[in-house]
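This is what each chain is made of:
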Amino acid sequence: MTTTHILGFPRVGDKRQLKFALEKYWRGEISQQALKDTGSTIRAVNWQTQADANLSYVTSGDFAWYDHVLTTSLLLGNVPERHQSERITLDTLFRVGRGRSQSDCGCGAAASDMTKWFNTNYHYLVPEFKADTQFSIQWSQLFEETKQAMEAGHSVKPVLLGPLSYLYLGKEVETGFDRLSLLPRLITAYQQIFTKLENLGVEWIQVDEPILALELDKEWRSAFKLAYQMLGSKTKVLLTTYFDSINHHLDEITQLEVDGLHVDVSQNQNCLDEIIEKLPTDWVLSVGAINGRNVWRADLAQWLDILTPVQQQLGERLWVASSCSLLHSPVDLELETQLSAETKSWFAFAKQKVDEVSLLGQALAGSTTAIAACREYSEPLRARAQSNLIHKTHIQQKVKALVSGSSERAAPFAERIAAQAEYLKLPLLPTTTIGSFPQTADIRLQRSAYRQGKLGETEYNQALKGHIEDAIRRQEAIDLDVLVHGEAERNDMVEYFAELLSGFETTQFGWVQSYGSRCVKPAIVVADIERERAMTVEWTRFAQSLTSKHMKGMLTGPVTILCWTFPREDISRQQIAQQLALALKEEVSDLQQAGINIIQIDEPAIREGLPLKKSEQAEYLDWAVNAFKLSASSALPQTQIHTHMCYSEFNEIIESVAALDADVITIETSRSNMELLNAFEEFAYPNEIGPGVYDIHSPNVPSTEWIKNLIKKAAEQIPIERLWVNPDCGLKTRGWEETEKSLTNMVTATKELRKEYTK
Ligand code: GLN
Ligand code: ZN
């Protein structure tokens, strides 16, 4: 027998049961018991799925009410002071995750910061550390759930975020100390956790240390040795790494006092040889072959060929597993009724990945039926590789021509901006917004009626035109300089384009947890991407026809579309970005032809695509920047290209941001009080820039004075001739009332400043 397991299963439920139960509970519509029952059922179903597939172990501890890092903080009793109460309860957990509302206690204690889990689209709650942070076990979820799984008759392997990764992923909330100094105390708490698990009778504990895939400095690397020595676990420890290779740390890893190593080789099988060579002879090696973070069916025939010799070498010490937790893939492909049988045969969601792990394990153990099944399983992928509906020669040729040409605009920035000034005649400190306006209940109802076939196409389009006209009249009344149509026709800035471009598939239930109860349903790139027709021209032209002000066209950039969809695995990310660039370049061209003089190409995700290892980042940035530039390269000098990014850490990538060579960039700055402009000032960012002057995440209406101050602050760092005035991001989540008030204050502030500055 080959030991098989997965690193974790999605916790939202196949129909997002957890999401709906959580939101009902938060609204006070169901009891805590009802919420707990929902969680309990999801776990029971998940374990049964793994048991039915004959995995050697089912995984416990992968369930979280909000986020698994937050669960770890509670387990360790590390609750930020502002949320501390006598006893930690489920509501404490939600308060740390979501913030305490003003009405709760009058103090409105803020939620913990949330940030991206490595290079996935999952977000975790950042643990907070102080010099005197103490750790003690205060949350028994892990033990109770492990017991629940055992009582259901399963062989259980609990999973736990490892001490070093837990520390590393958190942050110091006071100055003058290093969170690594907390390690001895933290290890003491981990020892208690391990003892408890041992008392439950578990055989293996999966200890996740994903930071081993990063490039750690010496301090952190040596801390590993100390930590695992101190831990001295009696229960066997499977040290688990994922998302990238760990060979650069292999010499240190193999010194650790653990009993096995899990490696993610789904993207890179070449690193296996060295690992096998250096693996301590009493360790097991868990090979993460089945990609846990994409939707593609595994090539089991190929894996069988790769792993058979490994099996011969390691025997029972070889385990077969998913590369990472299946948290990052949708739950069940069988629920998809609208995909063709052929398309379905290319995919595997979490449930199917469990079967893949199992089948591969059986085949490696020598079962002839399993071996045959593995070979047959790969057939659809072989057929796909030959299909000219997937690999489109005409697109590949066009892309080739595009990338071998120049990605530069027709004129350098200085010439372009002069041409644009002449052509657009904008005032000092031009005002604009980022694209979307409130997605009102009306819009959402009409869209869902249309999608369900209850509202005809003509009626739906008519309704959308009404919303566009409404948005324009309001912007005119506010007296903004550059208007937008408001994006009423878009449910989502990526899905909208994915549905119009050929080469994408969308699913009905392909939801993946993003944070808390929030899920996203990324489209899937399945074939060479082709723009068969214009995607935004009609709406934008219509909007422009209603006003004499400039209408800004609105596109989502190639890198963002790539980062927020499931990519193909048979061509590179770079190639996908180039195909998207071609499609967008054609759209830019058509918009320009239709008389649109300002076009925004949003790239809020460009930073998210960064590889985990610093040494690989430059190459990514290079092709990502190039893809953006290619999409803008059809713009004439007098056509103004904007881009937008909504985050605040620009320091590391500022050169690449400048290299995009957009005429105008709008960014998030209001929450940091314009501090992030430092990066732009220090670098002497050459083009125009619109630092956000108010935070759209809050319903608060910023005062005119407050906005004026921010603009003045910005003007100290960026020459005023190059400044724009705009909010931090799109306004789709806001209501009209606060939006109109805020924008009115923004325009008033700008007008007053124009007088002051031109005096
Ligand atoms: N144009 C988009 C909007 O306004 C940009 C959203 C984003 O940056 N995430 O909604
Ligand atoms: Zn944004």
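Going along each chain's sequence as written, the residues are numbered from 1 onward. Starting at A for chains and at 1 for ligands, labels are handed out in the order in which the entities are written. Only residues with pLDDT of at least 70 get local features here, since the model is predicted, and only at 80 or more are side-chain atom pairs given and counted; chain-wide, interface and lining totals rely on the full set of residues. Side-chain numbers here rest on the full set of heavy atoms in the structure, without hydrogens or water.

Selection criterion: UniProt positions are given in the numbering used here, feature names are shortened, and annotations may be inferred rather than shown by experiment.
Looking at an unreviewed UniProt entry, the protein chain carries the name 5-methyltetrahydropteroyltriglutamate--homocysteine methyltransferase, with the source organism given as Vibrio astriarenae. Per its UniProt entry, the protein chain bears the Pathway (unreviewed entry) comment "Amino-acid biosynthesis; L-methionine biosynthesis via de novo pathway; L-methionine from L-homocysteine (MetE route): step 1/1."

## A few points about the site of ligand 1
Put simply, the test is: The cutoff for a nearby residue is simple: one of its non-hydrogen atoms must lie within 4 Å of the molecule or strand. N or O atoms within 3.5 Å of each other form a polar contact, as long as, within protein, one can give a hydrogen and the other can take it, and as long as residues adjacent in sequence are counted only when both atoms are side-chain atoms. Only the protein chains shown count as cover for residues, and the accessible areas themselves come from Shrake-Rupley with a 1.4 Å probe. Gly is put with the polar residues, along with every residue not named as nonpolar or charged; the nonpolar set is Ala, Val, Leu, Ile, Met, Phe, Trp, Tyr, Cys and Pro, and the charged set is Asp, Glu, Lys and Arg.
In the neighbourhood of ligand 1, the contacting residues comprise Ile434, Gly435, Ser436, Glu487, Met493, Met554, Asp602, Pro604, His644, Cys646, Cys729 and Gly730. Within the backbone of isoleucine 434, an N or O atom sits 3.1 Å from a nitrogen atom of ligand 1. For ligand 1, whose unbound accessible area comes to 300 Å², protein coverage reaches 91%. Of the residues assigned to the shell around ligand 1, the class counts are six nonpolar, four polar and two charged.

## Examining the packing of helix H28 (residues 704-717) against helix H29 (residues 736-758)
Short version of the rule: Inter-axis angles, ranging from 0 to 180 degrees, are taken between N-to-C directions of lines fitted to C-alpha atoms, where helices are fitted over the stretch in contact. The helix count covers DSSP runs of H or I at least four residues long, the strand count covers runs of E at least two residues long, and both are numbered beginning at the N terminus. An angle below 35 degrees is read as roughly parallel, one above 145 as roughly antiparallel, one from 65 to 115 as roughly perpendicular, and any other as oblique. A crossing counts as left-handed when the near helix is turned anticlockwise from the far one by less than a right angle, and as right-handed when that turn is clockwise. Contacts are residue-level and defined by heavy atoms, with any inter-residue pair within 4.5 Å sufficient.
For the pair H28 and H29, interaxial distance at closest approach is 8 Å and the crossing angle is 50 degrees. Comparing the axis directions of H28 and H29 gives the class oblique. Relative to H29, the crossing made by H28 is right-handed. Side by side, H28 and H29 meet where Thr704, Ile707, Lys708, Ile711, Lys712 and Ala715 of the first sit next to Ser742, Asn745, Met746, Thr748, Ala749, Thr750, Glu752, Leu753, Glu756 and Tyr757 of the second.

## Details of the UniProt feature "binding site: Zn(2+)" (unreviewed entry) in the protein chain
As a reminder of what qualifies: Buried, partly exposed and exposed residues are distinguished by accessible area as a fraction of the type maximum, computed with a 1.4 Å probe on protein chains only: under 20%, between the cut-offs, and over 50%, respectively.
In the numbering used here, UniProt assigns the feature "binding site: Zn(2+)" (unreviewed entry) to His644, Cys646, Glu668 and Cys729. A compact arrangement is adopted by the annotated residues: their sequence extent is 86 residues, whereas the largest C-alpha distance between any two is 8.7 Å. Residue placement: glutamate 668 occurs in the loop between strand S21 (664-667) and helix H27 (677-683). Overall, cysteine 729 belongs to the buried group, its relative accessible area being 19%. Excluding its chain neighbours within four sequence positions, the residues that come into contact with cysteine 729 are Ile434, His644, Cys646 and Ile696.

## Quick notes on the sheet that holds strand S6 (residues 156-161)
Think of a sheet as strands paired side by side through backbone hydrogen bonds, with each pair either parallel or antiparallel. Condition: Strands pair, by our definition, only if DSSP identifies at least two bridges between them.
The parallel open sheet is built from eight strands, whose spatial order is S1-S12-S11-S10-S9-S8-S6-S2. Of all the strands in the sheet, the pair left with one neighbour each is strand S1 (3-5) and strand S2 (58-60). Averaged over all adjacent pairs, the angle separating strand axes in this sheet is 25 degrees, with direction ignored. In this structure, S1 lies alongside strand S12 (residues 318-322), joined through three bridges in parallel fashion. Within S12, the residue paired with histidine 5 across the bridge is alanine 321. Docked against the sheet, helix H6 (residues 141-151) engages S2 and S6, running at close to 160 degrees with respect to S6. Relative to the sheet, helix H8 (residues 183-200) contacts S6, strand S8 (204-208) and strand S9 (236-240), its axis offset from that of S6 by approximately 170 degrees.

## Let's talk about the coordination of the zinc ion (ligand 2)
Applicable threshold: Counted as coordinating are nitrogen, oxygen and sulfur atoms within 2.8 Å of the metal, or 3.2 Å for Na, K and Ca, while water is not included, which may make sites look incomplete. Every geometry call rests on angle ranges, with four donors termed tetrahedral when all angles are between 85 and 135 degrees, four termed square planar and six termed octahedral when opposite donors are over 155 degrees apart and all others are between 65 and 115, and everything else termed irregular.
Looking at the zinc ion (ligand 2), the protein donor atoms are His644 (NE2), Cys646 (SG) and Cys729 (SG), and they sit 2.0 to 2.4 Å from it. Because the angles between the four donor atoms bound to the zinc ion (ligand 2) fall within 88 to 124 degrees, the donor set is best described as tetrahedral. Of note, the donors binding the zinc ion (ligand 2) are all from one chain and are spaced H-x1-C-x82-C. By relative accessible area, which is 2% here, histidine 644 ends up buried. Exposure remark for cysteine 646: the relative accessible area of 27% places this residue in the partly exposed category.

## So, the environment of valine 284
On the secondary structure map, valine 284 appears in strand S11 (residues 284-290). Remark: the alpha-carbon pair of valine 284 and phenylalanine 63, spanning 221 residues in sequence, is separated by 25 Å.

## Topic: the pattern of salt bridges
Quick reminder of the rule: By convention in these notes, a salt bridge is any Lys or Arg side-chain nitrogen within 4 Å of a carboxyl oxygen on Asp or Glu.
This model, assessed by the stated rule, comprises 45 salt bridges. Aspartate 113 is the salt-bridge partner of lysine 171, the closest N and O atoms lying 2.6 Å from each other. Of this pair, lysine 171 sits in strand S7 (residues 171-172) while aspartate 113 sits in the loop between helix H5 (102-105) and strand S3 (114-116), and the two are 58 residues apart along the sequence. For lysine 171, a relative accessible area of 30% translates into the label partly exposed. Judged by its relative accessible area of 42%, aspartate 113 is partly exposed. Between aspartate 570 and arginine 384 there is a salt bridge, with its nearest N and O atoms 3.0 Å apart. Within this pair, whereas aspartate 570 is found in the loop between helix H23 (558-563) and helix H24 (573-593), its partner arginine 384 is found in helix H16 (residues 379-386), the two being separated by 186 residues in sequence. Residues participating in the shared-partner salt-bridge network are Lys398, Arg531, Glu586, Glu587 and Asp590.

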